[in-house]
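These are the residues of each chain, in order.
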Amino acid sequence: MQQILNLIGRTLAVSLALLGPVISAADASRRPNILVIVADDLGYADLGFQGGTDIPTPYINSIAGNGARFTNGYVSGPYCSPTRAGLLTGRYQQRFGHEFNPGGEGAAAGKGEIGLPLSETTIANRFKDAGYVTGLVGKWHLGASPKFHPQNRGFDEYFGFLGGANTYFNKQTTSILRGTEKQSEPTYLTDAFGREAVSFVDRHQSKPFFLYLAFNAVHTPLEADEERLKKFSAINESQRRTYAAMLSAMDDAVGNVLKKLRESQLEENTLIFFISDNGGPTMRGTTINGSINTPLRGSKRTTLEGGVRVPFAIQWKGQIAPGTVFDRPVIQLDIQPTALAAAGLEIRAEWKFDGVNLLPFIKGQATGVPHETLYWRLGEQNAIRHGDWKLVQYDLHVESSPTKGVSQKKLYHLAKDVGETRDLAADYPDKVKELEKIWQKWNSELVKPLW
Ligand SMILES: [Ca+2]
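S.K.: It is not clear to me how the domain arrangement of the protein chain should be interpreted in this structure. Could you clarify?
M.R.: For an interface, size is often stated in terms of accessible area lost upon the parts coming together. What the domain assignment lists for the protein chain is domain 1 (30-364) and domain 2 (374-443). Between the C-alpha centres of domain 1 and domain 2 the distance comes to 27 Å. Counting from both sides, the interface comprises 33 residues of domain 1 and, opposite them, 28 residues of domain 2. Buried area between domain 1 and domain 2, both sides added, is near 2,500 Å², and the carbon and sulfur share of it is 56%. The tally of links from domain 1 across to domain 2 stands at three salt bridges. Of the charged contacts, one joins D388 and R328 as a salt bridge, the two residues approaching to 3.3 Å between their closest N and O atoms. There are 18 residue pairs in polar contact (both at pLDDT 80 or more) connecting domain 1 and domain 2. Those elements giving two or more residues to the side of domain 1 that touches domain 2 turn out to be β10 (282-283), α8 (305-308) and β14 (330-331).

S.K.: Looking at this model, I keep getting lost on the coordination of the calcium ion. Mind explaining?
M.R.: The textbook angles at a metal center are 109.5 degrees for a tetrahedron of four donors and 90 or 180 degrees for an octahedron of six. Here the calcium ion is held by D40 (OD), D41 (OD), C80 (SG), D277 (OD), D277 (OD) and N278 (OD1), and the distances to it run 2.2 to 2.7 Å. One can describe the site at the calcium ion as irregular: its six donor atoms subtend angles covering 52 to 154° at the metal. Between consecutive donors of the calcium ion, the numbers of intervening residues give the motif D-D-x38-C-x196-D-N. Of this pair, D40 sits in the loop between β1 (33-39) and α2 (58-66) while D277 is found in the loop between β9 (270-276) and β10, placing the two residues 237 residues apart along the sequence. In this pair, the class of D40 matches that of D277, namely buried.

S.K.: Looking at this structure, how should I read the sheet that holds strand β7 (residues 181-183)?
M.R.: Adjacent strands of a sheet pair through backbone hydrogen bonds, lying either parallel or antiparallel. Strand order across the open sheet formed by 10 strands is β7-β6-β5-β4-β8-β1-β9-β12-β2-β13, with mixed pairing between neighbours. Edge positions in the sheet fall to β7 and β13 (324-326), since each has one partner strand and no second. The average angle at which neighbouring strand axes cross in this sheet is 15°, direction not considered. Here β1 pairs with strand β8 (residues 209-214) via five bridges, running parallel. Along β8, the bridge assignment pairs V38 with A214. The sheet contacts of helix α3 (residues 80-89) involve β1, β4 (133-139), β8 and β9, and relative to β1 the element is tilted by about 165°. Strands in contact with helix α9 (residues 335-342) are β1, β9 and β12 (312-315); relative to β9, the strand with the most contacts, it is inclined by about 175°.

S.K.: Just to check I follow, could you spell out the sheet that holds strand β15 (residues 373-378) for this structure?
M.R.: Overall, antiparallel pairing links the four strands, which are arranged β15-β16-β17-β18 in an open sheet. Both outer strands of the open sheet, β15 and β18 (410-413), are each paired with one neighbouring strand and no more. In this sheet, adjacent strand axes meet at a mean angle of 10° when their direction is disregarded. Two strands pair when backbone bridges link them, and strand β16 (residues 381-386) and strand β17 (residues 389-393) are joined in this way by five bridges, in the antiparallel orientation. In the strand pairing of β17, A383 is matched with V392. The sheet strands contacting helix α11 (residues 429-443) are β15, β16, β17 and β18, and the helix crosses β15 at an angle near 70°.

S.K.: Even after reading the chapter, I still don't get the pattern of salt bridges, so can you show me in this structure?
M.R.: Pairs can form between side chains of opposite charge once their charged atoms are near each other. Inspection of every chain in the model, using the stated rule, returns 30 salt bridges. Notably, a salt bridge pairs D41 with K300, separated by 2.8 Å at the nearest N-O pair. Of the two residues, D41 sits in the loop between β1 and α2 while K300 sits in the loop between β11 (286-287) and α8, which places them 259 residues apart along the sequence. In terms of burial, D41 and K300 fall into one category: buried. Close ionic contact of K390 with E305 constitutes a salt bridge, the shortest N to O distance being 2.8 Å. Taken together, the positions of K390 in strand β17 and E305 in helix α8 put the pair 85 residues apart, joining distant regions of the chain. The pair formed by K390 and E305 is uniform in burial state, with each residue classed as buried.

S.K.: How should the nonpolar core be read in this particular structure?
M.R.: As a rule of thumb, soluble globular proteins bury nonpolar side chains together. If you look at the biggest cluster of nonpolar residues, it comprises 50 residues, and the most contacted ones within it are I37, L213, F215, M250 and F274. Put simply, the parts of the chain that give this core at least two residues each are β1, α2, β4, β5 (157-161), α5 (189-203), β8, α7 (238-263) and β9. Looking at this core element by element, the count peaks at 12 residues for α7. When near neighbours in sequence (up to four residues on either side) are disregarded, L213 contacts L35, V36, I37, V38, V137, F193, A197 and V257. In this structure, A68, F70, A214 and L340 belong to the second largest nonpolar core, which totals 47 residues.

S.K.: Where do I start with the environment of T173 in this structure?
M.R.: In this structure, T173 sits in the loop between β5 and β6 (176-178). Residue classification places T173 among the partly exposed positions, given a relative accessible area of 22%. In the structure, T173 is positioned 11 residues away from S184 in sequence and 5.5 Å away in space, judged by C-alpha atoms. Every residue in contact with T173, bar those within four places of it in the chain, is listed here: T167, Q183 and S184. A distance of 2.8 Å separates polar atoms of two side chains, one belonging to T173 and the other to N170.

S.K.: For this particular structure, what's the right way to read the environment of I335?
M.R.: Secondary-structure assignment places I335 in helix α9. Between the alpha carbons of I335 and A349 there is a distance of 17 Å; along the sequence they are 14 residues apart. Apart from the residues lying within four places of it in its own chain, the contact partners of I335 are V36, L87, F273, I275 and F312.

Cut-offs applied
Residues numbered from 1 in each chain as written. Predicted model: local features only at pLDDT ≥ 70, side-chain atom pairs only at ≥ 80, totals over all residues. Heavy atoms only, no water. Domains from an automatic or database assignment. Contact = heavy atoms within 4.5 Å. Buried area = accessible area lost by both parts, 1.4 Å probe. Salt bridge = Lys/Arg side-chain N within 4 Å of Asp/Glu carboxyl O. Polar contact = N/O pair within 3.5 Å; in protein donor to acceptor, adjacent residues only side chain to side chain. Helix = DSSP H or I, 4+ residues; strand = E, 2+ residues; numbered from the N terminus. Donors = N, O, S within 2.8 Å, 3.2 Å for Na, K, Ca; no water. Tetrahedral: all angles 85-135°; square planar, octahedral: opposite > 155°, others 65-115°. Buried < 20%, exposed > 50% of the residue type's maximum accessible area, 1.4 Å probe, protein only. Pairing = 2+ DSSP bridges. Axes fitted to C-alpha atoms, helices over the stretch in contact; angles between N-to-C directions. Core = buried A, V, L, I, M, F, W, Y, C linked by side-chain atoms within 4.5 Å.

Structure representation (structure tokens):
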């Protein structure tokens, strides 16, 4: 009898192995946890794993070191709210009118009745439906009225602020919410977000979780705690010194979450993403928060690489080989399908994802590339990357002597000219026409901006 049971057990194990990532409902408790960490307005060159040297970021670096880093990682917009809309839906946000920030940034953000359209299903909705406990710690920026509240968009738990920016010192403010309750927060905000993320992991160990940890670091206001500022006294330039302290705080917070996962023996069973929501901001060529985007040109608010190409890494111990470098274009829209596939959950065609599951590509199991073409539109600005060619029309505020409006269409070959310095449009008119045609087809599928 025992032999027969053993045989059945082995046969079952083999059958399950052949099913690959598909996990039965009975195994829901063993589904991987998903942790999506988003930084705000991070410079392209500032993290250690991106080549930065003056600001140690060992914990964020460890995500790339333990897993894969993407050298051609993108977001689908050049600033906060639209790229978060894309991240949470897995779709180009211009398909549902979320092309611009809802009401600008700062205190005004989210005062109005605008936010992530209720027609859209979020990654949190999908993981919640699959039996996950879901949480958001940090910045929302997808609408502030009750119907847009994170807990009405698939998140079981919420700690953070609803707008596009917030002070880091909230002892005297009430913009921090736990759920829907306003509260003051005595701790430096980045440390508080780390504390809440650790607590979330600590409280949810018996059930798979989806945690979206959306720092507002290193977005303005430039505010750091005294202790960390002292740590960077060797940096003379005060803006950069404050930025360094803010980034270091975020790295510490990430480190605390990673430690908690390790202590809880959840590290192997947690898929982790790290990405910035857009590039570092500049105005007239001068940095706004102390970030550095080299070797890229342009910044936040532009469709140049400096606006939309970002640090992007993924870790899944035992699944992704440490030190993997993936150099074909990927985009934040891929996070949702990748996470769902990792969890063995069904991805339905009617969801019309623009993103794809990256795991087979990272593991070298899939031929081809995740995306032959990536697209951008932000009002008059636009861009298309097709293979290594990019056709772009960008906001002229990036120029040191800016004129209003957008540039002519420029053609760059990114593999040879990542800094977008040599416009080849006049040399390759047929390439310009080809890319223009592909972009127009995509553009014809979009709707008018809702605001
Ligand atoms: Ca941002």
